[in-house]
Amino acid sequence: MKNSAFTANLQEQNNFWLFYESYTFPKEEHDRIKAITDKYSTEPVHVEMNCLYDYVKRGTITLDTRVRISDPCYDMGTWCAGSLENVLPGTYNCFCQNTGEGRVAAIKIVHEKYAPEEYEPDELQNIDVGVDSGEYGIYDEDYFAKKCKDKEWYESTFVQRDAAPLDDKAFISSSGYGDGSYECFVARNPEGKIVAIKILFLSFEEDENDDEMPWGREGDFLDTKYPFVCHAELNAVLNSNHDLKGSRIYVSLFPCNECAKAIIQSGIKEVIYTCDKYADTDGTKASKMMFKMAGVKTRQIKQEHFVKILPM
């Protein structure tokens, strides 16, 4: 986990949810973590992870040398779609990547003669990947040109929202958080032929510009990390997709006064922490004052109560 804070919702029958942030792992790991938390918790646990599962194969399609990238509700003249030329014809394996909350983060296709791990699409294409119907697809272009104005065909794509091939000529899926603008990437073989295509809807990768930011703790204010970062508590609150009223938040350190403001405003009603090493600072004293005034409970968990989850 990149963040040392996660929220736990208490609204429904005292159940709670765990939120993990920003990493990629197999779905089996999600199930294993849930089994462990269920074992050691006195309340039912719903593990919801803001992360990416590994790609899962969803079948195959057959493509010719030209491929259309489009929302199925568009036609060939729509500006926020596009075509790819110089595609290696043949059978393509179709893959879908989901987030921990079940949304489609990306779809990609890779020619059957090429290994997906060696030909990850990373060449950004100058195509406006626009979505208006909540779904998007990769098609053999001749197939799409014939089908795109057929109402019955368009309605048939609705069943593809979990990412699936259609008619051996299209791979269609729901699109991340729905309508919007996304990106298309390709990978080429040594001869310059396109052998893999990816539509990226959601990504949790770190911003490459992070290396351009200062991360020191000492020096002039603008030469340190402090003007540019937020603490894990604020990050957890801002990135939650749920109503946090009545929730718990689990943190490593007792929250600072700035995070305390966000916690109170979000409606969180209990802070569970492990360390209070800054108890004598004015910031922590202000946090405790605000929590008391707002009716937010605080509780410390001792080290011996931790459950360590080891990698498989």
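Right, let's walk through the structure included here.

Analysis parameters
- Residues numbered from 1 in each chain as written.
- Predicted model: local features only at pLDDT ≥ 70, side-chain atom pairs only at ≥ 80, totals over all residues.
- Heavy atoms only, no water.
- Helix = DSSP H or I, 4+ residues; strand = E, 2+ residues; numbered from the N terminus.
- Buried < 20%, exposed > 50% of the residue type's maximum accessible area, 1.4 Å probe, protein only.
- Contact = heavy atoms within 4.5 Å.
- Areas by Shrake-Rupley, 256 points an atom, 1.4 Å probe, with all protein chains shown as cover.
- Pairing = 2+ DSSP bridges.
- Patch = residues over 30% accessible without salt bridge, like charges linked within 9 Å, V, L, I, M, F, W, Y side chains within 5 Å.
- Salt bridge = Lys/Arg side-chain N within 4 Å of Asp/Glu carboxyl O.
- Axes fitted to C-alpha atoms, helices over the stretch in contact; angles between N-to-C directions.
- Expected span 1.5 Å × (residues − 1).
- Arc of directions from axis to C-beta.
- Core = buried A, V, L, I, M, F, W, Y, C linked by side-chain atoms within 4.5 Å.
- Parallel < 35°, antiparallel > 145°, perpendicular 65-115°, else oblique.
- Left-handed = near helix turned anticlockwise from the far one by under 90°.
- Nonpolar A, V, L, I, M, F, W, Y, C, P; charged D, E, K, R; others polar.

### Remarks on the overall build of the chain
Argument step 1. Secondary structure assignment for the chain yields six helices and 18 strands.
Argument step 2. Classification of the 312 residues of the chain by burial places 46% in the buried group.
Argument step 3. Relative to all contacts within the chain whose residues are 6 or more apart in sequence, the contacts with residues 24 or more apart total 68%.
Argument step 4. For the chain, the accessible surface area stands at approximately 16,900 Å², while carbon and sulfur atoms represent 49% of it.

### Focus: the pairing of strand β15 (residues 194-200)
Argument step 1. Buried residues dominate β15, accounting for seven of its seven residues.
Argument step 2. As judged from the five bridges shared by strand β8 (residues 104-111) and β15, these two strands associate in the antiparallel manner. Its bridge partner lying in β15, lysine 108 is registered against lysine 198.
Argument step 3. By the bridge criterion, six bridges tie strand β14 (residues 180-188) to β15 in an arrangement that is antiparallel. Bridging from a neighbouring strand, phenylalanine 185 pairs with lysine 198 of β15.

### Let's talk about a nonpolar patch on the surface
Argument step 1. Taken together, the side chains of Met213, Trp215, Phe221, Leu222, Tyr226, Phe228 and Val229 define a hydrophobic patch exposed on the protein surface, amounting to about 720 Å² of accessible area.
Argument step 2. By the secondary structure assignment, valine 229 is in the loop between β15 and α4 (232-239).
Argument step 3. The class for valine 229 is partly exposed, based on a relative accessible area of 31%.

### Examining the sheet that holds strand β13 (residues 170-174)
Argument step 1. Pairing within the open sheet is antiparallel, and its five strands lie in the order β6-β5-β11-β13-β12. Because the sheet does not close on itself, it has two edges, and the strands there are β6 (82-84) and β12 (164-166). Across this sheet, the average inter-strand angle for adjacent strands is 25°, counted without regard to direction.
Argument step 2. Pairing analysis gives five bridges linking strand β11 (residues 135-140) to β13, with the strands arranged antiparallel. By the bridge assignment, tyrosine 136 is partnered in β13 with serine 173.

### Side note on helix α6 (residues 282-294)
Argument step 1. Its 13 residues place the ends of α6 18 Å apart at the C-alpha level, agreeing with the 18 Å of an ideal helix rising 1.5 Å per residue.
Argument step 2. Here the buried face of α6 lies against α5 (257-266), β17 (270-275) and β18 (297-300).
Argument step 3. Two residues or fewer past α6, glycine 295 is found with a positive phi of approximately 80°.

### Considerations on α4
Argument step 1. Three or more residues of α4 are buried, namely Ala232, Glu233, Ala236 and Val237. Along the long axis of α4, the arc covered by the buried residues comes to 135°, so they all point the same way.

### Comments concerning the pattern of salt bridges
Side chains that differ in sign of charge can pair as their charged atoms come close.
Argument step 1. Throughout the structure, instances matching the rule amount to nine salt bridges.
Argument step 2. Across the salt bridge formed by arginine 248 and glutamate 270, the nearest N and O atoms sit 3.2 Å from each other. Placement of the pair is arginine 248 in strand β16 (residues 248-253) and glutamate 270 in strand β17, with a sequence separation of 22 residues. The same class applies to arginine 248 and to glutamate 270, which are both buried.
Argument step 3. With a closest N to O distance of 3.0 Å, glutamate 270 and arginine 299 form a salt bridge. With glutamate 270 in strand β17 and arginine 299 in strand β18, this pair connects stretches of sequence that are 29 residues apart.
Argument step 4. A single network of salt bridges, built from pairs that share partners, joins Arg66, Glu85 and Glu141.

### As for the nonpolar core
Argument step 1. Ile69, Leu84, Ile109, Ile197 and Ile199 are the most contacted members of the largest nonpolar core, which has 40 residues in total.
Argument step 2. Residue assignment for this core shows that the elements contributing at least two residues are β4 (56-63), β5 (67-70), β7 (90-98), β8, β10 (129-131), β11, β14 and β15.
Argument step 3. Ignoring any residue separated from it by four or fewer positions in sequence, one finds isoleucine 109 in contact with Ile61, Leu63, Tyr92, Asn93, Cys94, Ile138, Phe171, Val195, Ala196 and Ile197.
Argument step 4. In terms of nonpolar packing, the next biggest core, distinct from the first, is built from twelve residues, Ile249, Ala260, Ile263 and Val271 among them.

### As for the packing of α5 against α6
Argument step 1. One can describe the packing of α5 onto α6 by two numbers: an axis separation of 8 Å at closest approach and a directional angle of 20°. On the basis of their axis angle, the class for α5 and α6 is roughly parallel. In this structure, α5 crosses over α6, and the sense of that crossing is right-handed. Of the residues in α6, those in contact with Asn257, Ala260, Lys261, Ile263 and Ile264 of α5 are Gly283, Ala286, Ser287, Met290, Phe291 and Ala294.
Argument step 2. The residue makeup of the contact of α5 with α6, split by class, is seven nonpolar, three polar and one charged.

Bear in mind that shape data such as this cannot, by itself, settle questions of function.
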